[in-house]
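# Coordinates in review
So the chains spell out like this:
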Amino acid sequence: MTSRSTKLSLLAAAALGVLVAGTAAAQSARSYIFIVGSSTVYPFSTVVAERFGKTTRFKTPKVESTGSGGGFKLFCDGVGAQYPDITNSSRRVKASEIELCAENGVSDVVEVKIGYDGIVLANSAESEQVTLQRRDIFLALAKEVPNPDGSETLVPNNYQTWNEINPDLPAVGIEVLGPPPTSGTRDAFLELAMEGGCSQFDWIKSMKKTDKKAFKNLCHTIREDGVYVEAGENDNLIVQKLSANPDAFGIFGFGFLDQNIEKVQGSLVDGVEPTFEAIADGSYPVSRSLYFYAKKAHVDVIPGMREFLAEFTSERAWGDEGYLSDRGLIPMPEEERAEVLAAVTLLSPVKLVQND
């Protein structure tokens, strides 16, 4: 009887064999790199793709914004020219996604960490800049919140204005435009901002040790009464809506704020303004790493794959003075860039042990 692991190995070998055997067919079917994934990484990936198309003999890669979760689903569907070569992500790949890839024959996935980004809660540049605590953010957006009477119980979130949460905040209705569940930005926002605020309540923080599932469910569940508006993966649409509604706030990456600074401004979080320097030194509390993932089986088969990896990880792109920093990407320290580059050059598959 064939074991499950043997079946998966045979499936991966068969899929790779078909791809390699049909190299000419694959190249004729698709002569360009196909990239999906994170809306946050999308602008950086697009800049590299455009420069790559202009400065090399290869075609400009096609880049689509599908969200991190949606990107992994497409990426992990299989090996071959009909599937994406690369997926961008504003969070690290989950163990369950690596397992999904393996089940479909995508056995060797190369992880490329490209730098850092901050998640901002922004409003119109015409409005007052606001200082928020992570506790305020949690109370504004959680589905359930601590009882206002001070007891250690939970009640449905009925806060309607910001000053009900904190008298120092504006007396305007709470309206926040943010990413959908498929977004890595939303995943990171839940972990860094929502959970960070949730943990300000000692009795809730203690739940993390006694009932981790209940703790995560409470801290990571967004209210569904219309206060939080899912705005899709289109950050441009959020900026447009913020310009039209000066009382609303929007959630997106620092890079996008940096590119639209004449239209929107970032709120201070825990007293720290979202700036390039504050994200780089870790003082801004809602910061995260950005990645993309490539299929090793597609390198040297899909034209330009190896060269595109080299361009993205070059000092002229991701370095301290690179063209991506001009677009708002926070570069990694030089030593960390060297480590990532070494792994990418060797096409070392990601080794992942983590909880979803």
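Residues numbered from 1 in each chain as written. Predicted model: local features only at pLDDT ≥ 70, side-chain atom pairs only at ≥ 80, totals over all residues. Heavy atoms only, no water.

Attention now moves to the pairing of strand β13 (residues 287-295). Burial within β13 is extensive, with 8 of its 9 residues counted as buried. Inspection of the sheet shows strand β3 (residues 86-89) paired to β13 by 4 bridges, in the antiparallel sense. Bridge pairing in β13 links S89 to Y291. Alignment of strand β4 (residues 109-124) against β13, held across 9 bridges, turns out to be antiparallel. When the bridges of β13 are listed, Y116 appears paired with S289. (Buried < 20%, exposed > 50% of the residue type's maximum accessible area, 1.4 Å probe, protein only. Helix = DSSP H or I, 4+ residues; strand = E, 2+ residues; numbered from the N terminus. Pairing = 2+ DSSP bridges.)

Going through the model one piece at a time under the given rule, you end up with 9 aromatic pairs. On the numbers, 5.7 Å between centres and 0° between planes, the contact of F52 with F58 is stacked. Look at F58 and you get buried, because its relative accessible area is 13%. When the ring of W162 is compared with that of F249, the centres are 5.4 Å apart and the planes differ by 65°; the resulting orientation is edge-to-face. Of this pair, W162 sits in helix α7 (residues 162-165) while F249 sits in strand β10 (residues 249-253), and the two are 87 residues apart along the sequence. For the pair shown, W162 and F249 are each scored as buried. Here a set of aromatic residues connected by ring pairs shows up, and it is made of F52, F58, F292, F308 and F312. Stacked on the ring of F34, the Lys or Arg K62 has its end atom at 5.3 Å from the ring centre. (Phe/Tyr/Trp six-rings, centres within 6.5 Å; stacked < 30°, edge-to-face > 60°. Lys NZ or Arg CZ within 6 Å of the ring centre and 35° of its normal.)

Further remarks concern the pairing of strand β1 (residues 34-37). Of the two faces of β1, the one carrying F34 and V36 and the one carrying I35 and G37 are both buried. In the sheet, β1 pairs with strand β2 (residues 62-63) via 2 bridges, with the strands oriented parallel. Counted as the bridge partner of I35 is V63 from β2. As a crossover connection, the stretch from β1 through helix α3 (residues 42-55) into β2 is right-handed. Examined bridge by bridge, β1 and β3 share 3 bridges and lie parallel to one another. Paired with I35 across the two strands is I86, which belongs to β3. (Right-handed = clockwise from strand over helix to strand, strands pointing away.)

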